Amino acid sequence: MAKEYNFREIEKKWHQRWVEQQTYHVTEDQNRKKFYVLNMFPYPSGAGLHVGHPLGYIASDIYARYKRLQGFNVLNPMGYDAYGLPAEQYAIKTGQHPEKTTFANIERYREQLDKIGFSFDWDREVRTCTPIYYKWTQWAFQKMFMSFFCNKTQKAMPIEVLTEHFEKEGTGDWDVACTEEMSFTAEEWNSWDEKKRSDVLMNYRLAFMGETMVNWCPALGTVLANDEVVNGVSERGGYPVEQKKMRQWCLRVSAYSQRLLDGLETIEWSESIKETQKNWIGRSEGAEIKIPYMLSAEGEPEGAFTIFTTRADTMFGVTFFVLAPESELVDKVTTPEQRAAVDEYIKYVKSRTERERMIDHTVTGVFCGAYGINPITGEKCPIYVAEYVLAGYGTGAIMAVPAHDSRDYAFAKHFNLPIIPLVEGADVSEESYDAKEGIVMNSPRTEGGSVNYDGESLNLNGKTIKEAIAETKRFVKAHNLGRVKVNYRLRDAIFSRQRYWGEPFPVYYKNGIPTMVPEECLPIELPQVDKFLPTETGEPPLGNATKWAWDEKNKKIVENSLIDQKNVFPIELYTMPGFAGSSAYYLRYMDPHNNEALVSDKAASYWQNVDLYVGGSEHATGHLIYSRFWNKFLFDLGVSKKDEPFQKLINQGMIQGWSSFVYRLRNTNKFVSFDLLEEQYDDAKKKNIYYYQGTEADPVYADISMVSGNVLNVEKIREWTAEFRDAEFILNANGQYIVNQAIEKMSKSKYNVVNPDDICENYGADTLRLYEMFLGPIEQSKPWDVAGIDGCFRFLKKFWMLFWDKDGQLQVDDSEPTAENMKSLHKLIKKVSADIEEFSYNTSIPAFMVATTELTSQKCRSRKVLEPMIVTLAPFCPHIAEELWEALGHSTTVCDAPWPKWDDKYLVESMVKMPVQFNGKVRFTIDLAADMPKDEIEKAALSAPEAAKYLEGQQVVKTVVVPGRIINIVIRPA
RNA sequence: GCGCCUGUGGCGGAAUUGGUAGACGCGCUAGACUUAGGAUCUAGUUUCUCCCGAAGUGCAGGUUCGAGUCCUGUCAGGCGCACCA
C-alpha cells in the first residue's frame, strides 16, 4: 500500500505541535539580525474571512518563513482593528454590546486563520479596543495636543517652547504651522486670560479643536474624514454628505506635508501608490499677491485681500477677481446695491450638496460691486463671487486670467468679460490656452501699462513662461507686493466622531477649556451606556453615560450628578475615528504588553521599523497617510526610531467574486432566465435595462452556492429565502434557468463570497496556500476561480510520492546524487530564491512542479537532493514540509533549517548556445564564467563543438565580442 | 482634464541585462488501465498550410545583427485625483 498524502492528519498534527513548542514565538535576540514582516490587520467583520483576506497573509508568511530560514529573527505579528461602524450599527439594531459581537468575530477569525498555518507570534496579538492598547492611542493624542510644529526645523516641539516665546516676543517672525496666521505682541499675550490663551494655542497645537467645515453625514449621525467620503457620499453605506461648520478635534497633518512628500523618495513602494499620495498631498508652488480693493470705481482703496496663483506670469491678463462664496471677504467687498443679489447667490450655493457641486459644473456667480486693483498693471477689475473657487484651498480668492485658464475662460464667456491673450500664437477665440509653454507677449500691452515701483516696472515680453513666472515672483517679492508661497492640498484630519464604538478622548472641559486628563490616569475607559444612539438632545452616544465626569482632585471618573464646575467636570463625548487605533499598531507589536510605554526604547531600537508591509491599496490616502504622519510625530518625540514606518510596501490585489443575478419581472413574482431577456442600453442611467415581452426585469442577487456554471439550481433557491419560495421561474428551451454573472468585489451583500474553510477541508491548507499564490501576480486583482486548484493538489501528491515507495516505506538514502539530480535541484533553488525576493511566487510554483517531475523520472533517492527540496518548499507549504522533515529523521522543526544555496556549476551545461547564421556571419550566445577575458571567450566560441558545423570549411575573417555575452563571427566561404 | 499602470493562445499567466515567445496550470483532443469514471498515467494542443514552410506578443513606425522587452505615435482597458487657480 502506498503511503497516502493525508493532509488532514498532517495539518492537525503540526498545528498542535507549533503551539506546544512555541515555534513562532520571537524575542529581541541581539545576536541575530531582525526582520519585521507586517500585514494590515483586519477589521473582524461578521461575515468571517473570505478567500481574499489570506492572499496577502500567505504572501507575507512565505516571505517571513523564507527570511527565518535565511537566519533572520523574524517578527510576524497579527491583531485586530476592532473599532468600527458595522459593530456599532449592529448594536443599535439588536442592543448587543459591540464588544460582544466584536470579540465573537475575533474568535471566528482566529479559528479560520489557524487553519491556514501562519507563522504568527500570537503572544503579540493586539486589539485596538482593549484599554491596554488604546491607552497608547490616547497617550499619543495627548502628546500631539502638547506639541506644535516648527516650519523651519520641520519638527514637532513641546508647546511650552512656544508659550515661552509668546511671553517674551509675542508671535514675532517664528514660522510655525498654524490654522490661520496670527500676529500679537508679548504684552497682548501676557494680558490674556486662560480661556483666550487656550483658544489662541488651538491655532498651533498638532491635535487641536477647530471650527472647520466638516463632512457631516446625517444618516450616520457623524462627521467623516475626507478619505471616508467617496464621490460626495459616505464610503460606508453610501449616504449623502453635506458641508457643515462644526467644532471638532483635528490633527494638523498638513504641517507634515513636505516631510510626507520627501519621505516617499526614501521608501520602496509602488510608483502608483506613491503617485496617489503625491496627488493627495498636492504640493503647488506659487505666489500670494495682495490685491487692494475699493467699493466704487473711483476713489481710494478701502482694504486688501490676498490671492494665490501658480501662474504669476499671467498678471497682465487679469480681467476680474473671484472669491469663494464661503470666504469671509465676501461681506466686506459687497456694495449695498449688490447686497441682495449676493445674499441670494450665497443662499443658492448653500442649498447645493457636495455631490451636486461635484457633478454639475454650470457657470454660476455674481458681481459684488467692488473692484480689485491689479498691482502690476494698476488696472481696476470687478470682483465676483462664484462657487468654482473653493474656500479651502489657497486663500479662497483668485485672480482670473480667462485667456489661460479654462475655468476662468468659461466664466468670462458667460459674463461677457474681456479675454486678453498673453502667449504668442495662442488662439483663444474658442478655448483657453492652459499649457505652460510658449513666449510671453502683451506684458505689458502698452507703454506705461506696467506700474513703476522704486524705479522698476515689470516687463515679461519675449520671455518663456517659465522665465516669466520666476521673474514675476522676484518682482513681487522685491517690491513687497506679496510673497512666494507653497500650498498643499492635504487638509488637516478631522479627528472626532459622534459615535460610541471608538476610543474615548482623555479630555474634560474645565469651564469650557479642553483639559487633558493627567498622563498617569490613562487610559480613560469607554463607559457603559444603555443605548448606542445619540441622546434626545442630540448629543453623541456617550451622552447616555451616567458616570462620565472627571473629578480633578481625586483623579478619577465619577457620576455626572457630581459635576459642579469646581472640582468635577464633564468629559468629552466624542470618540476617535477608525484610523486612530491603526496608526501606530506596528510599534505596539514590538512590545505589546508594556504598560509603562507605547514601546520600550530597547524593543524599538531592535525592531526599528517594518521591513515589509503587505495590504490593500485602498488605504493609499487614508491609513497609509495617517500612519506615516503619526510615525513622523512619534519619531520627533524619539519614540519611533525611523522617520518612515514601512520600508517596503506590497499591495496585494483584490480577489473578486462571481456575482450571479436572477431577473424578476417588475411587480410580479416571476423570474426569467437571462438568455430570454432583451437588452437595451440606457444612456441616462449608463447601464443595461432588460425586458421580457415588454415588461422590465430587475436584477436580484442569487447566492453563488445556488449556481453551477451559469445554471441556477431552482430547487435550492426556493429553500434559500421566502422571496423565492413561491416564485415562478420561466426557463429556457433546455429547461434551464440561466443567470447573469459579473465580476465584483467579494462582499456578503453581493452573495459572492467564497470561504477558505471549504478549500482547507477538501484539499488542505498547503494546497490553499499554493493555489492562492498560483492564481497570478500578487499585486493584481483577479477573480476567484477554483478551476486550477486540482493542479496544485496533484503537485503536492506527486511531491509526497517522491519520498515513499509502493509499500509506504521511506525511499530516501544516502547515495550520491547524479549531475542531473543536482541540476534539477539547483535550478529550483535559484529560481525560488529569486522569486521570493521579488514576490513573484506564482512563477516559483511551476519551478517546483518541473523539479518534482524531473526528480521523479530520474528516480532520485538521494537525501542530499531531497532534503533541500523540503526546505525550499517549506515557506509555501509548511505542513507537508514539517511532516517530511520529521520523516527524514530530524528532531528540530524545518523552520530552523538553513535555506539552501544554489551553485552555478551544476547549471552551466555547455559554453555555447544558439548558433545562428545571418549575412555571412555566425552568432553565438556564450554563458560567461565570472571574469572570463575577451580572447578566451573567442577561443571558447571558435572551438565549441556546436560551432564546428557552421565553421567547417569556412574562413574566419573577424570575431566581435559584444558586451554582455554575444559573439559575432564573420566568415568567408572557402 | 491631469497623473499612473496594463495590453502575449480557448483561459490564468511564463519569458535574467534586448538573445530559441507561449514555461507551469486549467481547458480541450487522442490513447492506456478500467464495469465505469468527474480517479490515475502517456502523448498532443499559438495560427495558417497536405507537407516543406510561413506568420505571430493591441495597432503604426523607429533603434538594433537581433525587440514581448528600448524609443515615438496611436487605440483599448484599469486605477488614482479632480472646478486645487
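Please refer to the structure placed before this passage.
Residues numbered from 1 in each chain as written. Chains lettered and ligands numbered in written order. Predicted model: local features only at pLDDT ≥ 70, side-chain atom pairs only at ≥ 80, totals over all residues. Heavy atoms only, no water.

> Just checking my understanding: could you explain the overall build of chain A for this structure?
In terms of regular secondary structure, chain A is built from 30 helices and 40 strands. Expressed along its principal axes, the backbone C-alpha trace of chain A runs to roughly 105 × 90 × 75 Å. Residues counted as buried form 52% of the 974 residues belonging to chain A. Taking the contacts inside chain A whose residues are at least 6 apart along the sequence as the reference set, 70% of them involve residues at least 24 apart. With the model as given, the accessible surface of chain A reaches about 44,700 Å², and the carbon-plus-sulfur share is 49%. Averaged over its 112 positive side-chain charges, chain A has a centre that lies 3 Å from the centre of its 137 negative ones. (Helix = DSSP H or I, 4+ residues; strand = E, 2+ residues; numbered from the N terminus. Buried < 20%, exposed > 50% of the residue type's maximum accessible area, 1.4 Å probe, protein only. Contact = heavy atoms within 4.5 Å. Areas by Shrake-Rupley, 256 points an atom, 1.4 Å probe, with all protein chains shown as cover. Lys, Arg positive; Asp, Glu negative; His and termini not counted. Charge placed at Lys NZ, Arg CZ, Asp CG, Glu CD.)

> Got a minute to help me understand the side chain of serine 627 in this structure?
As for its position among the elements, serine 627 is in helix α19 (residues 623-637). Not counting residues within four places of it along the chain, the set of residues in contact with serine 627 comprises Ser582, Ser583, Tyr586, Pro645 and Phe646.

> When you look at the packing of aromatic side chains in this model, what are you seeing that I'm missing?
The relative placement of two aromatic rings is captured by the distance of their centres and the angle of their planes. As enumerated under the stated definition, the model contains 75 aromatic pairs in all. Ring centres of phenylalanine 411 and phenylalanine 415 lie 4.6 Å apart, and the angle between their planes is 35 degrees; this geometry places the pair in the tilted category. Of this pair, phenylalanine 411 and phenylalanine 415 both sit in helix α14 (residues 406-415), four residues apart, roughly one helical turn. On the accessibility criterion, phenylalanine 415 (26% relative accessible area) is partly exposed. For the ring pair phenylalanine 495 and phenylalanine 579, a centre distance of 5.7 Å and an interplane angle of 55 degrees mean the geometry is tilted. Here phenylalanine 495 is found in the loop between β19 (493-494) and β20 (507-510), whereas its partner phenylalanine 579 is found in helix α16 (residues 578-582), with 84 residues between them in sequence. An aromatic cluster of three or more residues is present, and its members are Phe35, Tyr63, Tyr66, Phe72, Phe795, Phe799, Phe803, Phe839, Tyr841, Phe848, Phe876 and Trp899. Here the guanidinium or amino end of arginine 65 rests over the ring plane of tryptophan 18, the centre of that ring lying 5.3 Å away. (Phe/Tyr/Trp six-rings, centres within 6.5 Å; stacked < 30°, edge-to-face > 60°. Lys NZ or Arg CZ within 6 Å of the ring centre and 35° of its normal.)

> I keep staring at helix α15 (residues 465-478) and nothing clicks. Help me out?
At 3.6 residues per turn, the α-helix brings residues three or four places apart onto the same side. Taking 1.5 Å of rise per residue, 14 residues should cover 20 Å, and α15 covers 20 Å from first to last C-alpha, within 8% of that figure. Buried within α15 are the following residues: Ile465, Ala468, Ile469, Thr472, Lys473, Phe475 and Val476. Buried residues in α15, looked at end-on, bunch into an arc of 165 degrees, giving them a common side. Residues of α15 that are exposed and angled more than 90 degrees away from the buried face: Lys466 and Lys477. Buried residues in α15 make contact with β10 (283-294), β16 (452-453), β17 (456-457) and β18 (482-488). Of the residues flanking the end of α15, it is asparagine 480, one or two places downstream, whose phi is positive at about 55 degrees. (Expected span 1.5 Å × (residues − 1). Arc of directions from axis to C-beta.)

> How should I be thinking about the pairing of strand β1 (residues 34-39) in this particular structure?
Along any regular strand the residues' side chains alternate between the sheet's two faces. Within β1, six of the six residues are buried, which leaves the element mostly enclosed by the surrounding structure. Handedness of the crossover joining β1 and strand β2 (residues 73-75) through helix α2 (residues 53-69): right-handed. Relative to strand β25 (residues 610-615), β1 runs parallel, the two sharing three bridges. The partner of valine 37 across the bridge, within β25, is leucine 612. (Right-handed = clockwise from strand over helix to strand, strands pointing away. Pairing = 2+ DSSP bridges.)

> Would you mind showing me how to read the state of the cysteines here?
Cysteine pairs can be linked by a disulfide, which is a covalent bond between their two sulfur atoms. Enumeration over the complete set of coordinates arrives at zero disulfides. The closest cysteine sulfur to the non-disulfide-bonded cysteine 150 is located on cysteine 178, 12 Å from its own sulfur. Given the relative accessible area of 3%, cysteine 150 is considered buried. For the unlinked cysteine cysteine 895, the closest cysteine sulfur is that of cysteine 877, found at 13 Å. (Disulfide = S-S within 2.5 Å.)

> Hey, could you run me through the environment of phenylalanine 793 in this one?
Here phenylalanine 793 shows up in helix α24 (residues 789-801). Taking the C-alpha atoms as reference, phenylalanine 793 lies 20 Å from proline 783; in sequence the two are ten residues apart. Not counting the four nearest positions on each side in its chain, phenylalanine 793 is found in contact with Tyr5, Phe7, Tyr763 and Thr767.

> Help me out: how do you make sense of the nonpolar core in this one?
For soluble globular proteins, nonpolar side chains are generally found buried alongside one another. Counting residues in hydrophobic clusters, the biggest one holds 101 residues, and the most contacted among them are Trp249, Leu251 and Phe495. No other element matches the eight residues that helix α5 (residues 131-145) contributes to this core. Among all residues touching phenylalanine 495, those that are not within four sequence positions of it are Phe141, Trp249, Cys250, Leu251, Phe505, Thr575, Met576, Pro577, Phe579, Ala580 and Trp630. (Core = buried A, V, L, I, M, F, W, Y, C linked by side-chain atoms within 4.5 Å.)

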